[in-house]
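Remarks on the overall topology
The lines below spell out each chain.
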Amino acid sequence: VMNPTISVMIQPRTMMDAPPIKPLDASITFLGTASMRPSPTRNVSGNAVRIGREWTIVDCGEGTQHQVLRCASSDVPCTRISPGNINRIFVTHLHGDHCFGLPGLMCQIGSAHAALESNYPKQKKQKRGARQFELQAGKEAEAQANGDGDGDGRGIVHIVGPKGLRSMIRVALLTSCTGVSFKFRIDELWTARDVQQQQHEGDTTHSNQMSHFASVFGVDRHSSEIDGINVSPENDGTWVIPSHPSGGPVASSWRFHAAPLVHTIDSVGYVFVEAPHRGNLDASLLRGRLLTDENREYQQSVGIRNPLQLLGLMQKGQTVTIKEGGAIVELSPADFMSRPTPGRKVVILGDTCDSRQLAGLAAGADVIVHEATNAAIEDGETEHEVLQLAVSRGHSTPSMAGDFARCCGALKLVLTHFSSRYKGDESEESLSVMKRIVDQAKKTLGHDNVVAARDMMEIKLLVHKGRKAVDDSCGVSPMEASGAAAAAADSYLQKAGHFFK
């Protein structure tokens, strides 16, 4: 684990080079879809991404822990979120409507871990002797203290966000004397400017402080915090997010990236990239070879009663041996499987009026979640006036969101982060307003797969059948997406007459 005063560049790992996997069930639940402040029908920003049993919270506005509780209500049609299974929290930027709920959520997670730990010894003791339990518990406690897990992510929450996030969390927890019953690690995404500033100042004591209070006080590490990483950007300005310190099935099958967005403060978007999916094993080519009398006798001699059990092993990617023609022969799954197909890609952006640096990573996305804060739907409003207003505040319109998704070749666009003027209920008036917003995005996107998010809405991240193999030309290339997104952003910024520095 790195010292938090050290900036490092994480070696990127291309998912196309990863071994094919069997995909985990996944979905996105929208915990908050309002911008700036909550309304009676929308909470401020929050998203919950479920992959398998693990949850990643992307943005955590005030009231997020209450929204997590609402997911457990029988009258809310979304998957129940277990706070104890939240093991990643990604923050896009440090405006309050995206992060003021973080201390409360951490307390909620802590309560869940405390309850789990109080029941855990009882369950374990029922399965093993007391002495064996004590030895194992000691090993587990030591592993968690060192930042090592048992492979399921239990006990450690990985928190990622822009520079300043570490200080914000420490100040909130330490000044309120708040303890949490789990370990957490905070990795900050440092820009090239941040790295250069640290090198220029030579500050090795509190290099993670935000400049506007750096001269006032330094922030000590919380007692439950393990050393985090200041992640330096790649050459293109994007970041490879370090793996979860406890590993686990999601860490082995998904990679996480981030890229800077243009807003009034440092803001980022996150990209979830899944490894390619395994092809299908053609059992018809194997059954005859597996079920010969010669191979049956051989498999029984090595403890396998039914030779067809080898099919399951091969589907998991294992090479097996059979006896054929008097010789021991190895059968490689690669020789009997169809080619792997691309994994899923999910993109969730923070506040932005220019997302060009994310476009390459977002190329070919299954789902893009993009803000659409302002829309020209009121009487007397013109699209040009609304565009000027949105861009001047570092935000986007539905047309801008649709154009970005088009540039990336996205299969689905989800709009969120709406002005408090736009209600999130299912009244006829509200649905009519949101339809007009969606229609604006459809016009620039070029297809109809656009939805406006509502609080507690859940979207399943489906595995698309019949997708092209990973080595086939598929959709928009990263270079094409980057070029198209840059041209589109320049056009909107020019129309708005506003350029962010």
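Please refer to the structure placed before this passage.
Keep in mind that this is a model prediction, so the values were computed, not measured.

What follows concerns the overall build of the protein chain. If you tally the helices and strands in the protein chain, you get 15 helices and 19 strands. The buried share among the 501 residues of the protein chain stands at 51%. When contacts within the protein chain are restricted to residue pairs at least 6 apart in sequence, those whose partners lie at least 24 apart make up 74%. Summing over all exposed atoms, the protein chain offers an accessible surface of approximately 22900 Å²; the carbon and sulfur share of this is 51%.

A separate point is the sheet that holds strand S17 (residues 412-416). Strands in a sheet are paired, the pairing made by backbone hydrogen bonds, and the direction either parallel or antiparallel. Taken in spatial order, the seven strands line up as S10-S11-S12-S15-S16-S17-S18 in an open sheet, and their pairing is mixed. Each end of this open sheet is capped by a strand with a single partner; those strands are strand S10 (239-240) and strand S18 (450-452). Here three bridges tie strand S15 (residues 345-349) to strand S16 (residues 367-371), and the two strands are oriented parallel to one another. Counted as the bridge partner of Val346 is Val367 from S16. Packing of helix H13 (residues 398-408) onto the sheet brings it into contact with S15, S16 and S17, and relative to S16 it is tilted by some 155°.

On to empty space enclosed by the protein. Evaluation of the coordinates by the stated rule reveals three cavities of 30 Å³ or more. Each pocket or cavity is described by its volume, and for the largest cavity that value is around 110 Å³. Taken together, 13 residues form the lining of the largest cavity, with Asp354, Ser355, Met400, Phe404 and Ala489 sitting closest to its centre. At the level of secondary structure, the elements contributing two or more residues to the lining of the largest cavity comprise H13 and helix H15 (478-496). Here the lining of the largest cavity takes four residues from H15, the largest share from any one element. The residue makeup of the lining of the largest cavity, split by class, is seven nonpolar, three polar and three charged. The space that makes up the second largest cavity amounts to roughly 90 Å³. Every element with two or more residues in the lining of the second largest cavity is listed here: strand S3 (46-51), S15 and S16.

Further remarks concern the packing of aromatic side chains. For the coordinates displayed, the defined rule picks out five aromatic pairs. On the numbers, 5.0 Å between centres and 85° between planes, the contact of Phe256 with Phe272 is edge-to-face. Taken together, the positions of Phe256 in strand S11 (residues 254-261) and Phe272 in strand S12 (residues 267-274) put the pair 16 residues apart, joining distant regions of the chain. These aromatic residues form a ring-pair network of at least three members: Phe90, Phe256, Tyr270 and Phe272. In this structure, Lys163 packs its charged tip against the face of Trp190, placed 4.7 Å from the ring centre. Here Lys495 stacks its cationic end above the ring of Tyr492, 5.5 Å away from the centre of that ring.

Basis of the calculations
- Residues numbered from 1 in each chain as written.
- Predicted model: local features only at pLDDT ≥ 70, side-chain atom pairs only at ≥ 80, totals over all residues.
- Heavy atoms only, no water.
- Helix = DSSP H or I, 4+ residues; strand = E, 2+ residues; numbered from the N terminus.
- Buried < 20%, exposed > 50% of the residue type's maximum accessible area, 1.4 Å probe, protein only.
- Contact = heavy atoms within 4.5 Å.
- Areas by Shrake-Rupley, 256 points an atom, 1.4 Å probe, with all protein chains shown as cover.
- Pairing = 2+ DSSP bridges.
- Axes fitted to C-alpha atoms, helices over the stretch in contact; angles between N-to-C directions.
- 1 Å grid on protein atoms, 1.4 Å probe; cavity = no way out; pocket = protein on both sides within 12 Å on 5 of 7 lines; lining within 4 Å.
- Points joined across faces, edges and corners; volume = space filled by probe spheres on them.
- Nonpolar A, V, L, I, M, F, W, Y, C, P; charged D, E, K, R; others polar.
- Phe/Tyr/Trp six-rings, centres within 6.5 Å; stacked < 30°, edge-to-face > 60°.
- Lys NZ or Arg CZ within 6 Å of the ring centre and 35° of its normal.

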